[in-house]
Amino acid sequence: MTHPPRHYAEALFEALQGKTAEGRRRVLKEFMAVLHKNRQSRILNQVLVQYEKVFLKKNNVRKVDVESASPLSDTVRREIEAAAGSAVLLTETVKPELIAGLTLLVDDALYIDASGRTRINNLFR
Amino acid sequence: MSHIIDTLKKELEGAQADVRIQEVGRVLEVGDGIARITGLAGVALQEMLQFETSKGIVEGVAFNLEQDSVGAIVLGDPQAIKEGDKVTHSGRILSVRVGQELIGRVVGALGQPIDGHGPIFSEAAKTELYPLERTAPGVTAREPVGTPLHTGIKAIDSMIPIGRGQRQLIIGDRQTGKTSIAIDTIINQKSDTRLTTPVCIYVAIGQKESKVAKIIATFEEAGAMEYTIVLSAPASSPASFRYIAPYAATAIGEYFMEQGKDALIIYDDLSKHAVSYREISLLLRRPPGREAYPGDIFYLHSRLLERSSRLNKKRGGGSLTALPIIETQLGDVSAYIPTNVISITDGQIYLESELFNKGTRPAINPGLSVSRVGGAAQTKAMKKVGGKLRLELAQYRELAAFSQFASDLDEATKRTLDKGRILTEILKQPEFEPLPFHYEVVVIFAATNGYFDAVPVDRIQARSKELMMYMHKMHKPVLDAIEKTAELKDETIAGLKKALEEFNRVEKI
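Report follows, based on the coordinates. (Residues numbered from 1 in each chain as written. Chains lettered and ligands numbered in written order. Predicted model: local features only at pLDDT ≥ 70, side-chain atom pairs only at ≥ 80, totals over all residues. Heavy atoms only, no water.)

Digging into the interface of chain A and chain B
Here is the rule we go by: By definition in these notes, contact holds between two residues if any of their heavy atoms fall within 4.5 Å. For any pair of parts, buried area is found by adding up, for both, the accessible area (1.4 Å probe) each one loses once the two are put together. What makes a salt bridge here is a side-chain nitrogen of Lys or Arg within 4 Å of a carboxyl oxygen of Asp or Glu, nothing more. Here a polar contact is taken to be a pair of N or O atoms separated by no more than 3.5 Å, where protein atoms must pair a possible hydrogen donor with a possible acceptor and residues adjacent in sequence count only if both atoms sit in side chains. Numbering of helices and strands runs from the N terminus, with a helix taken as a DSSP run of H or I at least four residues long and a strand as a DSSP run of E at least two residues long. Residue classes follow a fixed rule: Ala, Val, Leu, Ile, Met, Phe, Trp, Tyr, Cys and Pro count as nonpolar, while Asp, Glu, Lys and Arg count as charged, and any other residue, Gly among them, counts as polar. Two strands are said to pair when DSSP picks up at least two bridges between them.
Contact with chain A, which involves 23 residues of that partner, is made by 25 residues of chain B. Taken over both partners, the interface formed by chain A and chain B buries close to 2100 Å², and the fraction arising from carbon and sulfur atoms is 50%. In terms of surface lost to chain B, no three residues of chain A exceed Gln46, Tyr111 and Arg119 of chain A, which account for 27% of the buried area on that side. Joining chain A to chain B, the criterion identifies 4 salt bridges. Between Asp108 of chain A and Arg26 of chain B there is a salt bridge, and its shortest N-O distance comes to 3.7 Å. Inspection of the chain A/chain B interface yields 10 residue pairs in polar contact (both at pLDDT 80 or more). Listing elements by their share of the side of chain A that touches chain B, those giving two or more residues are α1 (5-16), α3 (44-58), β4 (110-115) and α5 (116-124) of chain A. The element best represented in the side of chain A that touches chain B is α5 of chain A, accounting for 6 residues. The residue inventory of the side of chain A that touches chain B, partitioned by class, reads 12 nonpolar, 5 polar and 6 charged. Bridge count for β4 of chain A against strand β1 (residues 20-31) of chain B is 4 bridges, and the pairing is antiparallel. Paired with Asp113 of chain A across the two strands is Arg20 of chain B, which belongs to β1 of chain B.

Section: the environment of Ile244 of chain B
Residues and elements named next belong to chain B. The topology assignment puts Ile244 in helix α5 (residues 239-257). Separated by 261 residues in sequence, Ile244 and Arg505 place their C-alpha atoms 58 Å apart. Among all residues touching Ile244, those that are not within four sequence positions of it are Leu75, Leu94, Ala109, Leu110 and Leu132.

Concerning the environment of Val385 of chain B
All names here are of chain B. Quick note on the threshold: Accessible area is worked out with a 1.4 Å probe on protein chains only. A residue is then buried under 20% of its type maximum, exposed over 50%, and partly exposed in between.
Structurally, Val385 is set in helix α10 (residues 380-386). Val385 sits in the buried class, given a relative accessible area of 5%. Apart from residues no more than four positions distant in its own chain, Val385 is found in contact with Val441, Ile444, Phe445, Thr448 and Leu488.

Okay, here's the thing in structure tokens:
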């Protein structure tokens, strides 16, 4: 019986709720056995990606990856959290090649480019 | 210099935040020329994607829109793409750049030059893009097919005529002369002085590169590259390129058709195209159907071939003639892909291995071959001389089998058999030697009216060559009259009969 990755991810999330560390290990072992039995071990990668999405959604957390030309200040961090409207899982990377500003990748789906590099590139286009 | 810097400073200082917001995806997995992407919720089918890799941008096309992921075919180097790479969608569909500059060039599946003669378009040239996927012209935009496209092959032009805007399938087993017919057709296009030479496009799908190189050399030798474009997606190219190659070539053909010109496109061959599409579909886990082909394998070819048409005067009067090639296995025309394409096209030219091995080349079976356009695509001259050919050959075939067992044949049967042998011999033709249609008319007229009856069967080929040389040297006005008028008027017939009688009196040229 085959299932799409999202179904596996949702089922795994529900199965892990309220379990101890030992319980979670047992659930994960059984989960792998079910994937193998259904001959869908190859979609594990996709299940993990979906699981992350389900986990964040259920916990009302938004994933925000920030690349900035210089380290973020606390003010900017607070502004990002306020703009997200919920708890934020913030990943910061410093990329001097952006020249100025920053880029944001929200929930792996929305890309906001407010970098100086893009602005300058557009000026010369 | 300082003025430029000041202007730039003002721009940067006075700039409002110029924020770009776009939907992105991430690569989940990549391999075998396809990629699976998460995200990109708003992507459209057949939309161009851009993979941002460490080696630069690699393009792809969204092919499968699934609930949790997008399946895409990669149109660049798939080795450059890694799991986790960012993917954006461009808002454009896959297109190819078109223009007159393509004529005489050898290009790849995306229209990029591969002949080593430098860029196709100059920097100043206007960029005109034609989408690979396009709706075919509607019924009211079309006109019935009525102008001949002469292949230069006597058997085809007389019994299975092709018109400009028609789709005529060339079908047969491997090594039966399918590509040779296509090449002869292209070479012959410059010989018809009454009509404009169509732009010819030869699409090699999944062919050996050595074979394609040989074909290009043949075109160059015959002077055909002056009006031909070769588009190649060889066997070594990824399945995605072999899949898009015929669509790219059709887009190029449509460009010329919409300019009011005639174009000819040869798909060599669509069997390999179907296999490439099957490969992509199976890799993208689409449900397999009959023979593991995906369910829309018919639509793959029908939407391609429907774009070949003849447009009405209001739309410019141009045409796109298609000669798709299908390879059968052991002569089985009732297999899946052959029956699909037979039902789409306006006729087929069926080549048989048995005829080929017996020395009948081109190995056309006139009984199983048909042109649904028929006489509407023939000149009046050819209609007159070719009218009875098919019937006489059919009668000959029927009696030939019977005569193997019968010992005593009546005179009528013997005459039919002799006539059939002469006609069969007359219709043989070496490859890469297409004949202008007025020569075809003369030879077939001579054969059907008994002027070769006294010639031994093994001398007929040589004698018909001598006839053509004789007509060219001694009776050019008759040839010119047929060429110019495309008719056999009474005075032309009288002149032709006189010439043939004189020729028969001459032992050897």
